[in-house]
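# Survey of secondary and tertiary structure
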Amino acid sequence: MDPTQRNEDQQARWNGQAGNAWVEAQHVADQVLRPFEEILVDTARKLSAQRVLDVGCGTGGTSIAVADALDTSQVVGVDISEPMITAARARAPHPAVTFVQADAQTHSFEPSFDLIMSRFGVMFFQDPVQAFTNLRRAATGTGELRCIVWRGPEENPFMTTAERAAAPLLPNLPARIPDAPGQFGLADKDRTAGILRDSGWTGVAVDPIDVECTMPEDVLTWYFSTLGPVGILLAGVDETTRARVVETVRPAFDPFVHGDQVRYTAACWMLSAHA
């Protein structure tokens, strides 16, 4: 298989409905995922990073936050999604940040980064060993890798609540395939550590982090009906089916609703390694 073609599925996904949905969700996502942004900003600060590559940067919130925190740093955000890169570039211009639309699995980066980081952007590679090898080549000899990824669905019930509740009404919902590219693609700790070692990284560590996330209750319905597998399918159904799904799914989130807030624990791994 031609390695330049290996991420065609992700190209189609993130340059279509999924990418557009995340652009629409930008402000909510920035709020919900801010605790992870803060972890990576703190990491960059502790490492005194000067050149940072933000992999799967999405609409650019973390790239800009790191540049704001480290005045002397240059940050490059890379994402496969044209809609999200366009949204990132549309934010208030930052002289230290550059956004590149590219597939990080195959893109030829200048080997100049002393920190390669990601907030949920590295679980989608069709060939993760090739991808992390390519990212290692982008690092300086003293470069560091710090990536946050999801642990398994069994530890993240909030993330699968919508699809579990909607399954009887949406028979075309795709099944979660263990280790396949996607949200939980790097959930297996031992497999993920092996991928990093096989990619040439050293000092590999895969450490658990648990982060409390919140969102306003009044955006919950919009959130689950726009993002994720349920949101993707709802975009193509009739209004009657959509209403039935929303009516069925919303009560399934009640355990996470506390007054006017939705709260859940995000169970993740922090991937750390040296180039």
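Data block above holds the structure.
Residues numbered from 1 in each chain as written. Predicted model: local features only at pLDDT ≥ 70, side-chain atom pairs only at ≥ 80, totals over all residues. Heavy atoms only, no water.

## What about the overall build of the protein?
A tally of helices and strands in the protein yields twelve helices and eight strands. Computed over the C-alpha atoms, the radius of gyration of the protein is 18 Å, within 12% of the 19 Å expected from 2.2 N^0.38 for a compact globule of 275 residues. With the principal axes as the frame, the protein shows a C-alpha extent of 55 × 40 × 30 Å. Counting across all 275 residues of the protein, residues that qualify as buried make up 53%. (Helix = DSSP H or I, 4+ residues; strand = E, 2+ residues; numbered from the N terminus. Rg over C-alpha atoms; globule rule 2.2 N^0.38 Å. Buried < 20%, exposed > 50% of the residue type's maximum accessible area, 1.4 Å probe, protein only.)

## Section: the packing of helix α7 (residues 128–138) against helix α9 (residues 189–198)
Direction vectors running N to C along α7 and α9 enclose 50°, while the axes themselves pass 8 Å from each other. Relative to α9, the element α7 is oriented oblique. Handedness of the α7/α9 crossing: right-handed. Together, Pro128, Val129, Phe132 and Thr133 of α7 and Arg191, Ile195, Leu196 and Asp198 of α9 make up the contact between the two elements. (Axes fitted to C-alpha atoms, helices over the stretch in contact; angles between N-to-C directions. Parallel < 35°, antiparallel > 145°, perpendicular 65-115°, else oblique. Left-handed = near helix turned anticlockwise from the far one by under 90°. Contact = heavy atoms within 4.5 Å.)

## Overview of the pattern of salt bridges
Evaluated as defined, the whole model comprises eight salt bridges. For the salt bridge of Asp30 with Arg91, the shortest nitrogen-to-oxygen distance reads 2.6 Å. Taken together, the residues Asp30 in helix α3 (residues 26–32) and Arg91 in the loop between α6 (82–90) and β3 (97–101) connect sequence positions 61 residues apart. The exposure class of Asp30 is buried, given its relative accessible area of 9%. (Salt bridge = Lys/Arg side-chain N within 4 Å of Asp/Glu carboxyl O.)

## Focus: the environment of Gln126
Structurally, Gln126 is set in the loop between β4 (113–119) and α7. A relative accessible area of 40% means that Gln126 is categorised as partly exposed. Placed 55 residues apart in sequence, Gln126 and Pro181 show a C-alpha to C-alpha distance of 6.0 Å.

## Notes on the environment of Gly60
In this structure, Gly60 sits in the loop between β1 (51–55) and α5 (61–69). Placed 177 residues apart in sequence, Gly60 and Val237 show a C-alpha to C-alpha distance of 31 Å.

## A look at the state of the cysteines
For the coordinates displayed, the defined rule picks out zero disulfides. Of the cysteine sulfurs around Cys147, a residue in no disulfide, the closest is that of Cys268, at 13 Å. Between Cys268, a free cysteine, and Cys213, which holds the nearest cysteine sulfur, the sulfur-to-sulfur gap is 7.2 Å. The buried category is assigned to Cys268, whose relative accessible area is 0%. (Disulfide = S-S within 2.5 Å.)

## Here's the deal with the pairing of strand β8 (residues 261–274)
Of all 14 residues that make up β8, ten are buried, and the element is covered over most of its length. Here strand β5 (residues 139–150) pairs with β8 via seven bridges, running antiparallel. Paired with Cys147 across the two strands is Leu271, which belongs to β8. Here strand β6 (residues 202–216) runs beside β8; their pairing, made up of 13 bridges, is antiparallel. Looking across to β8, one finds that Ile209 is bridged to Cys268. Bridge count for strand β7 (residues 257–258) against β8 is two bridges, and the pairing is antiparallel. (Pairing = 2+ DSSP bridges.)

## Let's talk about the packing of helix α4 (residues 34–46) against α5
The N-to-C vectors of α4 and α5 enclose an angle of 40°; their axes lie 9 Å apart at closest approach. The pairing of α4 with α5 is recorded here as oblique in orientation. The interaxial crossing formed by α4 with α5 has right-handed handedness. Residue-level contacts link Glu37, Leu40, Val41, Ala44 and Arg45 of α4 to Gly61, Thr62, Ala65, Val66 and Ala69 of α5. Partitioning the contact of α4 with α5 into residue classes produces six nonpolar, two polar and two charged. (Nonpolar A, V, L, I, M, F, W, Y, C, P; charged D, E, K, R; others polar.)

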